[in-house]
Amino acid sequence: MAQRLAQRFSGKVVLITGASRPEGIGAAAAQRFAGEGATVALTARGAAGLEAVAQSIRDRGGQARAFPADLGDPAACEALLRAVEAAFGGLDVLVNNAGANTRGHVEHQDPAALANIIQINLVAPIVLTRLALPRLRARGGGSIVQVASIAGQIPLDGEAAYSASKHGLRAFSFALREELAGSSIHVAVVSPGPVDTGFLLDELDDVPDIVFANPMSTADQVAALIVESATDGRRERTIPARTGALARLAAAVPALRRALTPTMNRRGASAKAAFRLRHRG
Ligand SMILES: NC(=O)c1ccc[n+]([C@@H]2O[C@H](COP(=O)([O-])OP(=O)(O)OC[C@H]3O[C@@H](n4cnc5c(N)ncnc54)[C@H](OP(=O)(O)O)[C@@H]3O)[C@@H](O)[C@H]2O)c1
């Protein structure tokens, strides 16, 4: 693998959060960064999953190490950055990819679960970004890539707190871009629509039908955009791009949204049934 790809990240240290599930976006991004020469630091709570992903990168000739941490704890975030710096000498790229979701109408949600969504999807990326900035500066610059969602471009009912967290993450990132304008630190956002990972499968019954009305991406397609974003610092990439454009239009024109919703829900319900069959038989 090391020879196959251009070594754009040779000598660079990349920290990727939410990389504990082999089929997830974080693991796919880690494989791609390592394939381009990076030393990758992987974090999430699940130590065994992280170690399996790290081992599979090392098996392919890459450099990877697991740093288990609960990102809900700001002190653990600080300890994580210190540990990565101690192990690899610095940091060049931070990918805030870890995410949490508990679906259903707000009224029926556990308040602690709602708070956790905001903590993991918004507060933790802000805390980690804050901790990363001086370290990136010490290396002469670097990149921060935030994994948001198309649910951060249009308010998604049935996933209200999740949608709020991803809107917030985009807003934070775009504001920070302005603060850093003219510097050598780039902040980029990647906003996927539905992606074929455990994140959807975990609570499949509660995922709103409309989510499945859109084409499904693979984790590797999203990972490719994360790597490109770390390279060129483009403000935002949305996948699928057409789904994002339609979502932003529907968010801006509520009457259009209401008109489209019944058809999208019908289309989504049959796509969801096919998805369920494919994964669960
Ligand atoms: N799949 C989709 O349809 C989709 C669509 C749009 C955006 N996204 C976003 O893509 C990102 C990656 O999701 P994915 O689809 O690849 O799902 P995933 O494999 O389930 O990834 C979520 C990761 O977040 C980690 N995580 C959750 N709570 C954590 C905590 N307290 N501390 C540290 N890590 C924590 C999980 O690891 P542990 O449980 O081991 O801690 C896991 O590795 C998320 O930000 C998600 O919002 C996904």
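What comes next concerns the included structure. (Residues numbered from 1 in each chain as written. Predicted model: local features only at pLDDT ≥ 70, side-chain atom pairs only at ≥ 80, totals over all residues. Heavy atoms only, no water.)

## Digging into the overall build of the protein
Put simply, the rule reads: We count a stretch as a helix when DSSP gives it H or I for four or more residues in a row; a strand needs E for two or more, and each element gets its number in order from the N terminus. For this measure, only C-alpha atoms enter the radius of gyration; the expected value for a globule follows 2.2 Å times N^0.38, where N is the number of residues. Burial status follows relative accessibility: with a 1.4 Å probe on protein chains alone, a residue under 20% of its type maximum counts as buried, one over 50% as exposed, and anything between as partly exposed. Residue contacts are counted whenever heavy atoms from the two residues lie within 4.5 Å of one another. The Shrake-Rupley method, run with a 1.4 Å probe sphere, supplies the accessible areas, and residue values consider only the shown protein chains as cover.
Within the protein one finds 9 helices and 7 strands. In summary, the protein has a C-alpha radius of gyration of 18 Å against a globular reference of 19 Å for 281 residues, a match within 12%. Overall, the protein is about 55 × 45 × 35 Å in size when its C-alpha atoms are taken along their principal axes. Taking all 281 residues of the protein together, 51% fall into the buried category. A fraction of 72% describes how many contacts in the protein between residues 6 or more apart in sequence connect residues 24 or more apart. Surface summary for the protein: the accessible area is close to 12400 Å², and the carbon and sulfur share equals 55%.

## Some words on the pairing of strand β7 (residues 236-239)
To keep things clear, this is the line we draw: For two strands to be treated as a pair, DSSP must find no fewer than two bridges joining them.
Side chains E236 and T238 project from β7 onto one buried face, and the interleaved R237 and I239 project onto a second face that is buried too. Taken together, the 4 bridges between strand β6 (residues 185-192) and β7 define a ladder with parallel strand orientation. The partner of P192 across the bridge, within β7, is I239.

## Re the environment of S10
Relative to the assigned elements, S10 resides in the segment before β1 (13-17). In sequence terms S10 and A164 are 154 residues apart; their C-alpha atoms lie 36 Å from each other. Non-local contacts of S10, meaning those with residues more than four positions away in its chain, are made with E36, G37 and A38.

## Let's talk about the nonpolar core
In summary, soluble globular proteins display a tendency toward joint burial of nonpolar side chains. We apply this condition: Grouping buried Ala, Val, Leu, Ile, Met, Phe, Trp, Tyr and Cys residues that are joined through side-chain atoms within 4.5 Å yields what is termed a nonpolar core.
The biggest cluster of nonpolar side chains holds 35 residues, and the ones touching the most others in it are I16, F33, V40, L42, V95 and I226. Only β1, α1 (25-35), β2 (39-43), α2 (47-59), β3 (63-66), β4 (93-96), β5 (142-147) and α7 (219-232) provide two or more residues apiece to this core. Not counting residues within four places of it along the chain, the set of residues in contact with V40 comprises V14, I16, A30, F33, A34, I57, Q63, A64, R65 and F88. The next biggest cluster of nonpolar side chains, apart from the first, holds 26 residues, and it includes F67, A69, A124 and I144.

## Describing the packing of aromatic side chains
Using the following cut-off: Note on aromatic contacts: the rings of Phe and Tyr and the six-membered ring of Trp form a pair at centre separations within 6.5 Å, being stacked when their planes are under 30 degrees apart, edge-to-face when over 60 apart, and tilted otherwise. Criterion for a charge above a ring: Arg CZ or Lys NZ at most 6 Å from the ring centre, at most 35 degrees from the ring normal.
Counted under the stated rule, the structure contains 4 aromatic pairs. On the basis of an interplanar angle of 85 degrees and a centroid distance of 5.0 Å, the ring pair of F9 and F33 is categorised as edge-to-face. Taken together, the positions of F9 in the segment before β1 and F33 in helix α1 put the pair 24 residues apart, joining distant regions of the chain. An angle of 45 degrees between the planes, with centres 5.9 Å apart, marks the rings of Y162 and F199 as tilted. Here Y162 is found in helix α5 (residues 160-179), whereas its partner F199 is found in helix α6 (residues 198-201), with 37 residues between them in sequence. Of note, R235 hangs over the ring of F174, and the distance from its end group to the ring centre comes to 3.7 Å.

## Focus on the sheet that holds β2
Heads up, the rule is: A fitted line through C-alpha atoms serves as each axis, taken over the contacting stretch for helices, and the angle formed by two N-to-C directions is quoted from 0 to 180°.
If you trace the 7 strands from one edge of the open sheet to the other, you get β3-β2-β1-β4-β5-β6-β7, paired in parallel fashion. With one partner strand each, in any of the chains shown, β3 and β7 form the two edges of the open sheet. Within this sheet the neighbouring strands show an average axis-to-axis angle of 15 degrees, counted without direction. In this structure, β2 lies alongside β3, joined through 4 bridges in parallel fashion. Bridge pairing in β3 places A41 opposite R65. α2 rests against β2 and β3 of the sheet, and its axis sits at about 170 degrees to β3.

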